[in-house]
Amino acid sequence: MGRNKSLFIQSIGSAYRLWIDGEERPGLGIVGSSLEEVQPQSHFNLVFFSLSGKNWN
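About the criteria used
Residues numbered from 1 in each chain as written. Predicted model: local features only at pLDDT ≥ 70, side-chain atom pairs only at ≥ 80, totals over all residues. Heavy atoms only, no water. Core = buried A, V, L, I, M, F, W, Y, C linked by side-chain atoms within 4.5 Å. Buried < 20%, exposed > 50% of the residue type's maximum accessible area, 1.4 Å probe, protein only. Helix = DSSP H or I, 4+ residues; strand = E, 2+ residues; numbered from the N terminus. Contact = heavy atoms within 4.5 Å. Pairing = 2+ DSSP bridges.

Caption draft 1: Up close: the nonpolar core. If you look at the biggest cluster of nonpolar residues, it comprises eight residues: Ile9, Tyr16, Leu18, Ile20, Leu28, Val47, Phe49 and Leu51. When residues of this core are traced back to their parent elements, those giving at least two are strand 2 (16-20) and strand 4 (45-50). With three residues, strand 2 is the largest single contributor of residues to this core.

Given below as structure tokens:
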């Protein structure tokens, strides 16, 4: 198996932040601590990343 991977996140109509292996990756919308602060978006997200030296099974 190769070490280059991707994550496909379907349209969920929400806001989120994403971390992979401790590194922040592209999220969607603006995450907030209250309903007034949140700015959701609705479209798919495709994130490419490489695995570190950790043992991933």
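Caption draft 2: Structural detail: the environment of Phe49. Take Phe49: it is sitting in strand 4. Given the relative accessible area of 17%, Phe49 is considered buried. For the pair Phe49 and Asn4, spaced 45 residues apart in the sequence, the C-alpha separation amounts to 5.9 Å. Setting aside its immediate chain neighbours within four residues, Phe49 contacts Arg3, Asn4, Lys5, Ser6, Leu7, Ile20 and Arg25.

Caption draft 3: Representation of the pairing of strand 4 in the model. Every second residue of strand 4 is oriented toward a common face, the buried set being Asn45, Val47 and Phe49 and the non-buried set Leu46, Phe48 and Ser50. As paired elements, strand 1 (residues 4-9) and strand 4 share six bridges and run antiparallel to each other. In the strand pairing of strand 4, Leu7 is matched with Val47.

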